[in-house]
Amino acid sequence: MHLVRRNATWDDLCALPEQSVGELLGGDLYASDNPSPIAHARIAVAAALLEAGRRSDGRWCILMRPEHHLSHDVLVSDLGGWRRDRTPRLPEAWSDAPPPDWACEILEPTSVAVDRGRKLPLYARAGVGHVWLVDPVARKLEVYRLHEEHWLLVATHGGDEPVRAEPFQELEIDITEWWLDPEPPPAP
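Just so it is clear, the model here is predicted, and its values are computed rather than measured.

Colleague: Would you mind going over helix H3 (residues 112-126) with me for this structure?
Modeller: Because an α-helix completes one turn every 3.6 residues, residues spaced three or four positions apart along the sequence face the same direction. Taking 1.5 Å per residue as the helical rise, H3 with its 15 residues ought to reach 21 Å, and the 20 Å between its terminal C-alpha atoms agrees with that figure. Looking at the residues trailing H3, positive phi occurs at Gly127, about 85°.

Colleague: Got a minute to help me understand the sheet that holds strand E9 (residues 130-135) in this structure?
Modeller: Read across the open sheet, the six strands follow the order E4-E7-E8-E9-E10-E11; overall the sheet is mixed. Because the sheet does not close on itself, it has two edges, and the strands there are strand E4 (60-64) and strand E11 (150-158). The average undirected angle you get between the axes of adjacent strands in this sheet is 15°. As paired strands, strand E7 (residues 79-83) and strand E8 (residues 102-106) are joined by three bridges and run antiparallel to one another.

Colleague: Help me understand the pattern of salt bridges in this model?
Modeller: As a working rule, side chains carrying opposite charge can pair if their charged atoms are close by. Applying the stated criterion across every chain yields a total of 14 salt bridges. The residue Arg145 makes a salt bridge to Glu166 at a minimum N-O spacing of 2.6 Å. Linking Arg145 in strand E10 (residues 140-147) with Glu166 in the segment after E11, this pair joins segments that are 21 residues apart in sequence. Glu172 is the salt-bridge partner of Arg164, the closest N and O atoms lying 3.9 Å from each other. Beyond isolated ion pairs, a larger network of salt bridges with shared partners links Glu23, Glu105, Asp115 and Lys119.

Colleague: Can you help me understand a negative patch on the surface in this one?
Modeller: A contiguous patch of negative charge, built from Asp160, Glu161, Asp174 and Glu177, is present on the exposed surface. The residue Asp160 is located in the segment after E11 in this model.

So, how was this worked out
- Residues numbered from 1 in each chain as written.
- Predicted model: local features only at pLDDT ≥ 70, side-chain atom pairs only at ≥ 80, totals over all residues.
- Heavy atoms only, no water.
- Helix = DSSP H or I, 4+ residues; strand = E, 2+ residues; numbered from the N terminus.
- Expected span 1.5 Å × (residues − 1).
- Pairing = 2+ DSSP bridges.
- Axes fitted to C-alpha atoms, helices over the stretch in contact; angles between N-to-C directions.
- Salt bridge = Lys/Arg side-chain N within 4 Å of Asp/Glu carboxyl O.
- Patch = residues over 30% accessible without salt bridge, like charges linked within 9 Å, V, L, I, M, F, W, Y side chains within 5 Å.
- Areas by Shrake-Rupley, 256 points an atom, 1.4 Å probe, with all protein chains shown as cover.
- Lys, Arg positive; Asp, Glu negative; His and termini not counted.
- Charge placed at Lys NZ, Arg CZ, Asp CG, Glu CD.

Structure below.
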């Protein structure tokens, strides 16, 4: 993800090429090409969490790449989830949707600074209850809960063990397919 323009507008966001994913963060326009080198990890995470949403007895609506209009900022998370008891139906336009109850970002070398440094504070300010940061290269899932307007790291998971992580702790999730294989060592 790279900075495209400072003091950007909605029109600048809409003018990005179709294959780009853009976000307005604090008035700055960031964009990345889609698909990314981590696309297969994104698909694996999405598949597992969409299945978790289905297994939650309809208590969650989980979507891939939803747009979040948070005040003057427009964010696109890799996944977003809304509790059905709070948001029974999402409106037809993203600009009318409430902030999600949970957001998931799949970290990439080009986006980690933006995901951690720019987006996490915006999610907190909007009242998003939980954020997951998935690092498929480091093989790590970080689970954050909003606590008094700040993020509290409640769990870090890695390896091959199934996890139960907030806000889906009633569901066991296999995270092994999220990890990228390490690069092979250089040839001698």
